[in-house]
Amino acid sequence: MPGKRRAAIQWEEASPSAPSPATNLVGCFDPLDGTVLEAGERIVACLACGTGYHKTSWEFLAAHNAGACCNCRHTSELTYIVLGQEAASAPVDARGGVLKLEDLRNHLNKAVVFEGRVISHHVSRATGTHFIKFHQDSNPFKGFKLVVFASEVVRWEQQGIDPAAYVGQTLQVRGLLKDHPRYGLEILPKSPASIRVVQT
Ligand SMILES: [Zn+2]
């Protein structure tokens, strides 16, 4: 595994958009210039933490910050998203945009904040991939889950966090919600920084 590039610019606090519970990024703030991400805008989103950037801001980070997200400091885990027009007027749900299991299907391919209780934890014997599951099911691949690849577990270890210890805890997770053709609904957190334990 290549050495982690260190961001040239260090931010002391999370970006203004970080705590936003919005189910998508319209109306969130670009953490670099502090301006709002507009509906219809083609933005760059960090896949690790869900933070969105104007294209120009991202180009600046690429040139001057080793391509590291200034919220979570990860590099090169990006996607381009055209922010939906409809989202600007979409009502935020009663939970302030924090999604539960039953809401997830309606928010595919969006940066979301999900909250739920971890039912089980499974490590693939073949690949070392960790599956942190929110559904009761004997099939380790079925149901919504967090997927942490073996090469990334070190980021949990560095912070003294055992992913297995999430079992029984209620977590709030920020990230891009995907529906993998084989593995189903998943968020791939790249760091424990995008996971917050709300209840143990
Ligand atoms: Zn990030």
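In the block above lies the structure referred to throughout.
This structure is a prediction, so every number in the text was calculated from the model and none was measured. What you see as residue numbers is a count from 1 along each chain, following the sequence as written. Given that the model is predicted, a residue must reach a pLDDT of at least 70 before its local features are reported, and side-chain atom pairs must reach 80 or more before they are shown or counted; all residues, however, enter totals for whole chains, interfaces and linings. Note that water and hydrogens are dropped before the side-chain values are worked out from all heavy atoms of the structure.

A separate point is the packing of aromatic side chains. Each Phe, Tyr or Trp ring (for Trp, its six-membered ring) is paired with any other whose centre lies within 6.5 Å, and the angle between the two planes then decides the class: stacked below 30 degrees, edge-to-face above 60, tilted in between. Applying the stated criterion to the full structure yields 4 aromatic pairs. Between Phe-134 and Phe-144 the ring centres are 5.4 Å apart and the planes differ by 35 degrees, which places this aromatic pair in the tilted class. With Phe-134 in the loop between β7 (130-133) and β8 (145-148) and Phe-144 in the loop between β7 and β8, this residue pair connects regions lying 10 residues apart in the sequence. Neither residue differs from the other here; Phe-134 and Phe-144 are each classed as buried. One aromatic cluster in this structure is built from Phe-114, Phe-134 and Phe-144. A run of H or I in DSSP counts as a helix once it spans at least four residues, and a run of E counts as a strand once it spans at least two, with each numbered from the N terminus. Accessibility here uses a 1.4 Å probe with only protein chains present; expressed as a share of the type maximum, an area under 20% marks a residue as buried, one over 50% as exposed, and anything in between as partly exposed.

Think of a nonpolar core as a cluster: buried Ala, Val, Leu, Ile, Met, Phe, Trp, Tyr and Cys residues, connected wherever their side-chain atoms sit within 4.5 Å. Core analysis: the largest hydrophobic core is formed by 19 residues, its most contacted members being Phe-134, Phe-144, Leu-146 and Leu-171. Looking at this core, the elements with two or more residues in it are β5 (111-117), β8, β9 (170-180) and β10 (184-187). Among the elements that line this core, the one with the most residues is β9, at 3 residues. Pairs of residues are marked as contacts when any of their non-hydrogen atoms sit within 4.5 Å. Beyond its immediate stretch of four places on either side in the chain, Leu-171 contacts Phe-114, Glu-115, Gly-116, Val-118, Phe-134, Leu-146, Tyr-166, Ile-195, Arg-196, Val-197 and Val-198. Listed in part, the 11 residues of the second largest apolar core include Leu-37, Ile-43, Leu-83 and Leu-176.

Bringing helix α1 (residues 55-64) into the picture now. Looking only at α1, the buried set comprises Ser-57, Trp-58 and Leu-61. All buried residues of α1 fall inside an arc of 100 degrees around its axis, so they share one side. Seen from the buried face of α1, the exposed residues on the opposite side, beyond 90 degrees, are Thr-56 and Ala-63. Buried residues along α1 sit against β1 (42-46), β2 (52-53) and β3 (78-82). In this description, one arc is meant: the one made by directions from the helix axis to the C-beta atoms.

Following DSSP output, two strands are said to pair if at least two bridges run between them. Taken in spatial order, the 3 strands line up as β2-β1-β3 in an open sheet, and their pairing is antiparallel. Each edge of the sheet is formed by a strand with only one pairing partner; in this case those strands are β2 and β3. One ladder, built from 5 bridges, connects β1 with β3; its direction is antiparallel. When the bridges of β3 are listed, Val-44 appears paired with Tyr-80.

Let us look at the pattern of salt bridges. By definition here, a salt bridge exists when the distance from a side-chain nitrogen of Lys or Arg to a carboxyl oxygen of Asp or Glu is within 4 Å. For the structure on display, the rule yields 3 salt bridges. Between Glu-59 and Lys-55 there is a salt bridge whose closest N-O contact spans 3.0 Å. You can see Glu-59 and its partner Lys-55 sitting in helix α1, 4 residues apart, about one turn around the helix. Glu-59 gets classed as partly exposed once you look at its relative accessible area, which sits at 40%. We classify Lys-55 as partly exposed; its relative accessible area is 40%. For Arg-105, the salt bridge identified is with Asp-179, shortest N-O distance 2.7 Å. Placement of the pair is Arg-105 in the loop between β4 (98-99) and β5 and Asp-179 in strand β9, with a sequence separation of 74 residues. Judged by relative accessible area, Asp-179 falls into the partly exposed class, the value being 33%.

Now for the environment of Leu-78. With respect to the helices, strands and loops of the structure, Leu-78 is situated in strand β3. Residue class for Leu-78 comes out partly exposed when judged on its relative accessible area of 28%.

Once that is clear, we can look at the environment of Tyr-80. By the secondary structure assignment, Tyr-80 is in strand β3. What makes Tyr-80 partly exposed here is its relative accessible area of 45%. For the pair formed by Tyr-80 and Val-44, sequence separation is 36 residues and the distance between their alpha carbons is 4.6 Å. Aside from chain neighbours lying at most four places away, what touches Tyr-80 is Arg-42, Ile-43 and Val-44.

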